[in-house]
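Chain by chain, the residues:
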Amino acid sequence: MRNHRFLLVGLVVALLIAGVGSYYASSHPDGLEFVAEKTGFLESAKDSATSGSPLADYQVKGVDDARLSGGAAGIVGSLVVLLLAGGLAMLLRRRGRSGAEDGPAREQQDA
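This one's a predicted model, so the numbers in the text were calculated from it and none came from an experiment. (Residues numbered from 1 in each chain as written. Predicted model: local features only at pLDDT ≥ 70, side-chain atom pairs only at ≥ 80, totals over all residues. Heavy atoms only, no water.)

K.L.:
Sorry if this is basic, but what is going on with the overall build of the protein here?
P.N.:
Scanning the protein from N- to C-terminus turns up 3 helices and 0 strands. Listing every helix and strand of the protein by position from the N terminus yields α-α-α. Once local pairs closer than 6 in sequence are excluded, the contacts in the protein between residues at least 24 apart make up 46%. Surface exposure of the protein reaches about 9500 Å², of which carbon and sulfur atoms provide 62%. (Helix = DSSP H or I, 4+ residues; strand = E, 2+ residues; numbered from the N terminus. Contact = heavy atoms within 4.5 Å. Areas by Shrake-Rupley, 256 points an atom, 1.4 Å probe, with all protein chains shown as cover.)

The following block contains the structure:
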């Protein structure tokens, strides 16, 4: 039960950091955009292939408030990463268990 509680607390902390941190993140452009603007070639930049995606520019489509949209994007992004990493960990854990259980059992049967 301790592991579940630890994981739940970790999930809540990660989501709070993602949401609150993203909410208060700087609205100034990143370093590359800043240099492009200062040197005068920002206008020649093209949109990326993912510019129409739901979380493009660290914002959630359909949310008008920029800070709220950024916080929501942080939470959604963190959940996606946690789900993918957790799913991969569970898959590898199950795969490792089946191999580990067969290995020693076969060695004892062979002896």
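K.L.:
Sorry if this is basic, but what is going on with the side chain of Ser78 here?
P.N.:
Within the element layout of this structure, Ser78 appears in helix α3 (residues 66-110). Here the side chain of Ser78 touches Gly74 through a polar contact of 2.9 Å, landing on its backbone oxygen. Apart from residues lying up to four places away in sequence, Ser78 is in contact with Leu15 and Ala18. (Polar contact = N/O pair within 3.5 Å; in protein donor to acceptor, adjacent residues only side chain to side chain.)

K.L.:
Just checking my understanding: could you explain the confidence of the model for the protein for this structure?
P.N.:
Predicted coordinates in regions of low pLDDT should not be interpreted in detail. With 85% of its residues at a pLDDT of 70 or more, the protein has an overall mean of 81. Mean pLDDT per element in the protein: α3 is the minimum at 79, and helix α1 (residues 2-23) is the maximum at 88. (pLDDT = per-residue confidence, 0-100.)

K.L.:
What is the right way to look at a negative patch on the surface in this model?
P.N.:
Side chains of Asp30, Glu33, Glu37, Glu43, Asp47 and Asp57 sit close together on the surface and give a patch of like negative charge. Its place among the elements puts Glu33 in helix α2 (residues 31-39). (Patch = residues over 30% accessible without salt bridge, like charges linked within 9 Å, V, L, I, M, F, W, Y side chains within 5 Å. Salt bridge = Lys/Arg side-chain N within 4 Å of Asp/Glu carboxyl O. Lys, Arg positive; Asp, Glu negative; His and termini not counted. Charge placed at Lys NZ, Arg CZ, Asp CG, Glu CD.)

K.L.:
Teacher, can you tell me more about the side chain of Ser69 here?
P.N.:
Structurally, Ser69 is set in helix α3. Using a relative accessible area of 1% as the deciding quantity, one classes Ser69 as buried. Discounting residues that sit within four places of it in the chain, Ser69 has contacts with Tyr58, Gln59, Val60 and Val63. (Buried < 20%, exposed > 50% of the residue type's maximum accessible area, 1.4 Å probe, protein only.)

K.L.:
Just to check I follow, could you spell out a nonpolar patch on the surface for this structure?
P.N.:
Together, Leu8, Leu11, Val12, Leu16, Val20, Tyr24, Ile75, Leu79 and Leu82 give the surface a local cluster of nonpolar side chains, amounting to about 770 Å² of exposed area. Secondary-structure elements contributing two or more residues to the nonpolar patch are α1 and α3. The leading source of residues in the nonpolar patch is α1, at 5 residues. Following the sequence through the fold, Ile75 ends up in helix α3. Classification of Ile75 as partly exposed rests on a relative accessible area of 31%.

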